[in-house]
Amino acid sequence: MLYFVALFVAAIGQAFIPRLTGDIINSVAHTHDYEALESNSIKLVVAAGITAVFTAFRGSLFTLQMTRLNIRVREALFASLLSQELAYFDCTKTGKITSRLNADTTKLSDQISLNLNVFLRSVVQAILVLIFMFHVNTQLSFLTFISVPLVVYISIKYGNYYRKLSKACQAKLANSNAISDAAISSMST
């Protein structure tokens, strides 16, 4: 719960910073109102400070949760390994098992936590930015959405490509660990 409060405060602050920066520019460039400049500058510094504190808090809480998830996944995998028949260990190399236990569990928890963190933050920021955009200029906001389908298409293609590369990389890492484990364990011969 505390994580979500930190996430929302940080995301709201990050969405307000461009708006406050625009207000500062407007107070100098258009109205030449130096009192508004001072007021908006103070608001920007306060917003940036609050955003930084809550962003750090969110990051710390998320790192803690990621570590807990990693431990739970490793414990579940290890318990599953201990319940396997002996034949499983005859046909599966030790290096592959340890690679899956160490590298893959870490990668899994990192990806889950990173994707969840980025997704939640992006949703909150996108909603606030859309509100600001439509408040400033509705027609220009609709014009901006012309590029959205292209960006989504490129993101999907890149995501699929990256997923294939990631799976191949994890498989190669498991195989190399299996080979190095076999070589090291048979060093005496």
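Quantities reported herein were computed from a predicted structural model and do not represent experimental measurements.

Q: Which residues make up the overall build of the chain, and what values do they have?
A: The secondary structure content of the chain amounts to 6 helices and 0 strands. The secondary structure elements of the chain, listed N-terminal to C-terminal, are α-α-α-α-α-α. Taken against the 2.2 N^0.38 rule, which gives 16 Å for 189 residues, the C-alpha radius of gyration of the chain at 25 Å runs more than 25% over that of a compact globule. Looking at the chain as a whole, 20% of its 189 residues qualify as buried.

Q: Describe the packing of aromatic side chains, naming the residues involved and giving the relevant values.
A: Tallying each qualifying case throughout the model produces 3 aromatic pairs. With a centroid separation of 6.2 Å and 25 degrees between ring planes, the pair formed by Y158 and Y162 is classed as stacked. Here Y158 pairs with Y162, and both are found in helix α6 (residues 148–185), just 4 residues apart, close to one helical turn. Overall, the relative accessible area of 54% leaves Y158 in the exposed class.

Q: Talk me through helix α4 (residues 94–136); I want residue IDs and the actual numbers.
A: The terminal C-alpha atoms of α4, which comprises 43 residues, lie 61 Å apart, in line with the 63 Å expected from a rise of 1.5 Å per residue. At R100, α4 shows its strongest bend, of approximately 35 degrees.

Q: Can you lay out the environment of S166 for me, pointing to particular residues and giving the numbers?
A: Note that S166 resides in helix α6. On the accessibility criterion, S166 (18% relative accessible area) is buried. Each C-alpha atom of the pair S166 and T98 lies 18 Å from the other, and the pair is 68 residues apart in sequence.

Q: Describe helix α2 (residues 34–82), naming the residues involved and giving the relevant values.
A: Taking 1.5 Å as the rise per residue, α2 with 49 residues should run 72 Å; its terminal C-alpha atoms sit 71 Å apart, in good agreement. On its buried side, α2 packs onto α1 (2–29), α3 (86–91) and α4. The N-cap residue of α2 is D33: its side-chain oxygen and the backbone nitrogen of E35 are 3.3 Å apart.

Procedures and definitions
- Residues numbered from 1 in each chain as written.
- Predicted model: local features only at pLDDT ≥ 70, side-chain atom pairs only at ≥ 80, totals over all residues.
- Heavy atoms only, no water.
- Helix = DSSP H or I, 4+ residues; strand = E, 2+ residues; numbered from the N terminus.
- Rg over C-alpha atoms; globule rule 2.2 N^0.38 Å.
- Buried < 20%, exposed > 50% of the residue type's maximum accessible area, 1.4 Å probe, protein only.
- Phe/Tyr/Trp six-rings, centres within 6.5 Å; stacked < 30°, edge-to-face > 60°.
- Expected span 1.5 Å × (residues − 1).
- Bend = angle between axes of the 7 residues up to and from the residue.
- Contact = heavy atoms within 4.5 Å.
- Polar contact = N/O pair within 3.5 Å; in protein donor to acceptor, adjacent residues only side chain to side chain.

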